[in-house]
Amino acid sequence: MSRRIDYPLLQESAYVETLPSGLTVIALPRTGYQRNYAVFMTQYGSNDNVFVVPGQDGPTEVPDRIAHFLEHQLFAMEEGSADQKFAEWGASSNAFTSWTRTAYLFTATSNFLEGLQLLVDFVQNPYFTVAGTEKEKGIIEQEIHMYEDDPGWRVHHNLLQAMYHNHPVRRDIAGTVESTGRITKQLLDDCYRTFYHPANMVLVATGNFQPEDVFQAVGAQLQQQDYQPQGEIKRIFPDEPTGVKQARIVERLAVTNPLFALGFKDSRVGLRGDDLHKQQVLTEVVLQVAVGKSSDLYNQLYADGLIDEDFGAGYTSYPDHGYSTLHGESKDPETLYRRLIDGLSDLRGRGITEEQLERARRVLYGDYLQHFNSLENVANQVADGYFDGLDYLTYLNVLSSLTLDDVNQRLSEHFDPAQAAFSEVLPIEE
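The present account deals with the structure reproduced in this document. Quick caveat, the model's predicted, so the values are computed rather than measured. (Residues numbered from 1 in each chain as written. Predicted model: local features only at pLDDT ≥ 70, side-chain atom pairs only at ≥ 80, totals over all residues. Heavy atoms only, no water.)

Observations concerning the packing of aromatic side chains
Aromatic ring pairs are described here by two measures, namely the spacing of the ring centres and the angle between the planes. All chains considered together, the criterion is met by 25 aromatic pairs. On the basis of an interplanar angle of 75° and a centroid distance of 4.8 Å, the ring pair of Phe51 and Phe195 is categorised as edge-to-face. Within this pair, whereas Phe51 is found in strand 5 (residues 50-52), its partner Phe195 is found in helix 7 (residues 185-195), the two being separated by 144 residues in sequence. In terms of burial, Phe51 and Phe195 fall into one category: buried. (Phe/Tyr/Trp six-rings, centres within 6.5 Å; stacked < 30°, edge-to-face > 60°. Helix = DSSP H or I, 4+ residues; strand = E, 2+ residues; numbered from the N terminus. Buried < 20%, exposed > 50% of the residue type's maximum accessible area, 1.4 Å probe, protein only.)

This is the structure in structure tokens:
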């Protein structure tokens, strides 16, 4: 039986059911929408290179890139590809791999329940072949070269390498040509069996439908297989020092304007659930006060031509790692770096006021409601938060509960210049 969770501030409800296979399905009905969207996500990403397979004693270590390689391979079916089948119904399908998750998704205006069953079918029935694995290596190698030539990706990836000593987040999701060459069908099978059990996954559907129809469609598809309970997946990460590995990192590429990324490595890790959610929202509030478009610092930097409309800031966090980034283009990254560090240090010294907190709260409240109109954003965020025990749909409750002391404590502990690293991508010298 499903359970209903109401969200009065949103005037919405979610319906949740855990199927006999172990898969949790979350249905978010949204009346008035013509489209429907679903994401089938596993708690498995490029960070998961060393792990203990349930039922085994010793650790297994696999090459970089294998999570993304596996994502590509799963679309292959014995007859055609999953993409082709979705297209025949007028649906659009896709997938993505991050450091911590792999997700398979589709959008449809009709045949949504059939699309759900196809989504579950191709993800839960892999068709790996030796020939297909070898063919995929060439495609992946082209993608690696594309990442290597992308300045926006390079400035962010270099920042992670500067911040982290050992944590696998410092490794490129794209991997290397060498690591791709070591991937075999057997390794794909091993990783699939470990991380694609329904108990390690969540399916979130949102749109104009009846929740029970979603549960029935997904459940009927999964009943075709005999799933045995899966034990705990032990993920092994190396010890990570608190401080950053290096304060500055520079790369030269064929760019017209310099790119920059200033990062603050989080020293407060290990949180889950409500505690992690609160830390995420607190950090967003601090970033909004410090460098939001209504802040003094943003407007001073913009007036001086040190940043443009593409300047942005954000916070990424999971139980085992977290960091804030301030990023964009600048004609003078060196001066910008000093101004950002000085501006944040000055704010730490003065503290955030009640008026600044309330202004930031209003901005973030409006941003959340705007993003809530996106079916894709809501479903992806709900799925991502599920694995860490936090509920994205309670964001407004968390935002309204924050105190000024909470915000200033977060400002002080997280935006410490000693925890900062600066990445630059500069034009090639003539």
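Next, the rest of the story.
Regarding the environment of Pro151
For Pro151, the location among the structural elements is in helix 5 (residues 151-163). As a C-alpha pair, Pro151 and Val425 span 274 residues in sequence and 6.8 Å in three-dimensional space. Among residues more than four places away in sequence, those in contact with Pro151 are Leu253, Val255, Leu259 and Val425. (Contact = heavy atoms within 4.5 Å.)

Some points on the packing of helix 1 (residues 66-74) against helix 7
The angle between the axes and the distance between the axes are what describe a pair of packed helices. One can describe the packing of helix 1 onto helix 7 by two numbers: an axis separation of 10 Å at closest approach and a directional angle of 90°. Taken together, the axis directions place helix 1 and helix 7 in an arrangement best described as roughly perpendicular. In this structure, helix 1 uses Ile66, Phe69, Leu70, Gln73 and Leu74 to contact helix 7, whose residues at the interface are Leu187, Leu188, Cys191 and Tyr192. Considered class by class, the residues forming the contact of helix 1 with helix 7 number 8 nonpolar, 1 polar and no charged. (Axes fitted to C-alpha atoms, helices over the stretch in contact; angles between N-to-C directions. Parallel < 35°, antiparallel > 145°, perpendicular 65-115°, else oblique. Nonpolar A, V, L, I, M, F, W, Y, C, P; charged D, E, K, R; others polar.)

Quick notes on the sheet that holds strand 4 (residues 36-42)
Spatially, 7 strands are ordered 1-2-3-9-4-8-7 in an open sheet, and the strand pairing comes out mixed. The sheet is open, and its two edges are formed by strand 1 (3-7) and strand 7 (92-97), each paired on a single side. Along the sheet, successive strands turn relative to each other by an average axial angle of 15°, direction set aside. Note: strand 3 (residues 24-29) against strand 9 (residues 201-207), 6 bridges, orientation parallel. Within strand 9, the residue paired with Val25 across the bridge is Leu203. Packed on one face of the sheet, helix 8 (residues 211-222) meets strand 2 (12-18), strand 3 and strand 9 and runs near 150° to strand 3. (Pairing = 2+ DSSP bridges.)

A few points about the pattern of salt bridges
Counting across every chain of the model gives 22 salt bridges. In this structure, Arg154 and Glu251 form a salt bridge, with 3.3 Å as the shortest nitrogen-oxygen distance. With Arg154 in helix 5 and Glu251 in strand 11 (residues 248-253), this residue pair connects regions lying 97 residues apart in the sequence. Assessed through its relative accessible area of 13%, Arg154 is described here as buried. Glu251 sits in the partly exposed class, given a relative accessible area of 21%. Linking Arg410 and Asp266 is a salt bridge whose minimum nitrogen-to-oxygen distance equals 2.6 Å. Highlighted residues: Arg410 in helix 15 (residues 404-414) and Asp266 in the loop between strand 12 (259-265) and helix 9 (273-291), separated in sequence by 144 residues. Both residues of the pair, Arg410 and Asp266, count as buried. Three or more residues are tied together by salt bridges with common partners; here these are Arg101, Arg272, Asp384 and Asp388. (Salt bridge = Lys/Arg side-chain N within 4 Å of Asp/Glu carboxyl O.)

Quick look at helix 13 (residues 375-386)
When the terminal C-alpha atoms of helix 13 are compared, their 17 Å separation across 12 residues agrees well with the 16 Å that a helix rising 1.5 Å per residue should span. All of the buried residues along helix 13 are Leu375, Val378, Ala379, Asn380, Val382, Ala383, Asp384 and Gly385. On its buried face, helix 13 is in contact with strand 3, strand 4, strand 7, strand 9, strand 13 (312-318) and helix 12 (354-372). (Expected span 1.5 Å × (residues − 1).)

Let's talk about the sheet that holds strand 13
Strand order in the open sheet made by the 5 strands is 11-15-12-14-13, with mixed pairing throughout. A single partner strand is all that each edge strand has here, and the edge strands are strand 11 and strand 13. Mean inter-strand twist for the sheet, computed between neighbouring axes without regard to direction, equals 15°. Along the sheet, helix 9 makes contact with strand 13 and strand 14 (321-329), crossing strand 13 at roughly 165°.

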